[in-house]
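One letter stands for each residue in the lines below.
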Amino acid sequence: MKPMTDALETRTSSVDADLQTQVQALAPWFHNLHLGNGVETAPAHALGDFPAFKWAQIAPHIDRDLSGWTVLDIGCNAGFYSFELARRGARVTAIDVDEHYLRQARWAAGRFDLADRVEFRQMSVYDLARQPQTYDLVWLMGVFYHLRHPLLALDIVRHLTRRQLVLQTMTLPGETTMVTPADLPLDARATMCERDWPSMAFVEHRVAGDPTNWWVPNHACVQAMLRSAGFEVGARIIDETYLCTPAAAGQAPSVEDELRAATGTLAPAQ
Ligand SMILES: C[S@@+](CC[C@H](N)C(=O)[O-])C[C@H]1O[C@@H](n2cnc3c(N)ncnc32)[C@H](O)[C@@H]1O
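Residues numbered from 1 in each chain as written. Predicted model: local features only at pLDDT ≥ 70, side-chain atom pairs only at ≥ 80, totals over all residues. Heavy atoms only, no water.

Moving on, we come to the sheet that holds strand β3 (residues 70–74). Each strand in a sheet pairs with another by means of backbone hydrogen bonds, the pair being arranged parallel or else antiparallel. Pairing is mixed across the open sheet formed by seven strands, whose spatial order is β5-β4-β3-β6-β7-β11-β10. The open sheet terminates on both sides in strands that have one partner only, identified here as β5 (118–122) and β10 (231–238). Averaged over all neighbouring strand pairs, the angle between strand axes comes to 20°, with direction disregarded. Together, β3, β4 (91–96), β5 and β6 (135–141) form the strand contacts of helix α3 (residues 80–87), whose direction differs from that of β5 by roughly 155°. Contacts from helix α4 (residues 99–111) reach β4 and β5 within the one sheet, and its direction differs from that of β5 by about 165°. (Pairing = 2+ DSSP bridges. Helix = DSSP H or I, 4+ residues; strand = E, 2+ residues; numbered from the N terminus. Axes fitted to C-alpha atoms, helices over the stretch in contact; angles between N-to-C directions. Contact = heavy atoms within 4.5 Å.)

With that settled, the discussion passes to the environment of W55. Its place among the elements puts W55 in helix α2 (residues 52–58). Looking at W55, the relative accessible area reads 9%, which means it is buried. With 25 residues separating them in the primary sequence, W55 and F80 have C-alpha atoms 9.1 Å apart. Residues contacting W55, with those up to four places away along its chain left out, are F80, Y81, E84, L85, R88 and W139. (Buried < 20%, exposed > 50% of the residue type's maximum accessible area, 1.4 Å probe, protein only.)

What follows covers the packing of aromatic side chains. All chains considered together, the criterion is met by 11 aromatic pairs. Aromatic pair F80 and Y81: ring centres 5.5 Å apart, planes at 85°, arrangement edge-to-face. When sorted by exposure, F80 lands in the same class as Y81, which is buried. Here F83 and F112 contribute two aromatic rings whose centre-to-centre distance is 5.2 Å and whose plane-to-plane angle is 70°, an arrangement assigned as edge-to-face. Note that F83 is positioned in helix α3 and F112 in the loop between α4 and β5, a separation of 29 residues in sequence. The class for F83 is buried, based on a relative accessible area of 1%. Pairwise contacts between aromatic rings join W55, F80, Y81 and W139 into one cluster. (Phe/Tyr/Trp six-rings, centres within 6.5 Å; stacked < 30°, edge-to-face > 60°.)

Taken together, 19 residues lie near the ligand, and H31, G75, N77, D96 and M141 sit nearest. Measuring from a nitrogen atom of the ligand, one finds a backbone N or O atom of G75 at 2.7 Å. In this structure, a nitrogen atom belonging to the ligand sits 2.7 Å away from a main-chain N or O atom of M141. Contact with the protein chains hides 88% of the accessible area of the ligand, taken as 590 Å² for the molecule alone. (Near = heavy atom within 4 Å. Polar contact = N/O pair within 3.5 Å; in protein donor to acceptor, adjacent residues only side chain to side chain. Areas by Shrake-Rupley, 256 points an atom, 1.4 Å probe, with all protein chains shown as cover.)

To continue, consider unusual backbone geometry. Looking along the chain, the bond that leaves A27 and enters P28 is cis, with omega of 5°. Assignment of secondary structure puts P28 in the loop between α1 (2–25) and β1 (34–36). A cis amide bond links F50 with the next residue in sequence, P51, at an omega value of 0°. With respect to the secondary-structure elements, P51 resides in the loop between β2 (39–40) and α2. A positive phi angle is found at N77, which is not glycine, with a value near 55°. Relative to the helices and strands, N77 resides in the loop between β3 and α3. For N77, a relative accessible area of 8% corresponds to the buried category.

Structure below.
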């Protein structure tokens with residue numbers, strides 16, 4: 001039996017070597033995808049087994065059975081979350097601005113046999129204003145702080161969210177919030193300098209060497225912006241990650257005119 005085992009091992013290791021070659025050809029990877037037989041796309045990721053460790057924390061908060069749900073994964077990268085949500089039964093549309101990551105995602109979808117459940121498109125979050133689809137679950141992880149116009153993005157996202165939004169963003173340190181007044185007198189503006197006032201730090205240069213980091217909100221600001229865009233903020237399911245639902249009509253300011261002007265979408269028929 002030994003020679004047969006040796007032959008099998010040789011064949012397996014040459015298959016793995018071929019897989020490693022394909023992974024290398026698609027590098028660099030941000031998502032560490034587990035491809036089987038111990039082959040991983042980013043095993044030396046600085047954050048650890050990313051984003052598997054984050055998914056392990058988030059997963060219990062998401063419906064186990066997403067059959068019949070449509071999901072929009074914005075900034076999908078190599079598709080880790082898209083694949084997990086598709087495995088729960090969802091039909092996933094996944095977008096990213098970066099063709100490099102989309103190439104990885106399409107390749108991985110084939111490997112995981114999920115190509116018929118996840119559709120990848122090269123698009124920006126802002127482009128979503130010009131398409132009519134809505135989605136049961138919108139996944140907006142790790143994108144907010146990369147946007148120069150984050151509130152515009154949230155307004156767009158609100159329009160296409162039917163049931164739930166999961167949002168993760170880098171935030172400023174601190175967990176506390178304050179109740180802000182319904183109307184702040186002009187001469188009380190110092191209140192807005194208080195630590196817990198909803199605030200965002202603007203990044204003119206870089207954070208962690210990345211020139212695409214623009215805005216870092218505090219915890220209060222993420223929640224306030226989500227409410228202002230028309231979401232009800234439910235649980236903060238893990239650090240920096242919020243599970244939201246669409247708020248009832250009339251709870252948020254009407255932004256239709258500004259949204260249309262900013263996105264170039266047509267005004268509704270008179
Ligand atoms: C930090 S990664 C997060 C990836 C993934 N969502 C996650 O949480 O692991 C940010 C991703 O968002 C994409 N991205 C950046 N700006 C975007 C935009 N305006 N619209 C869509 N995707 C964007 C980047 O190309 C990148 O893949």
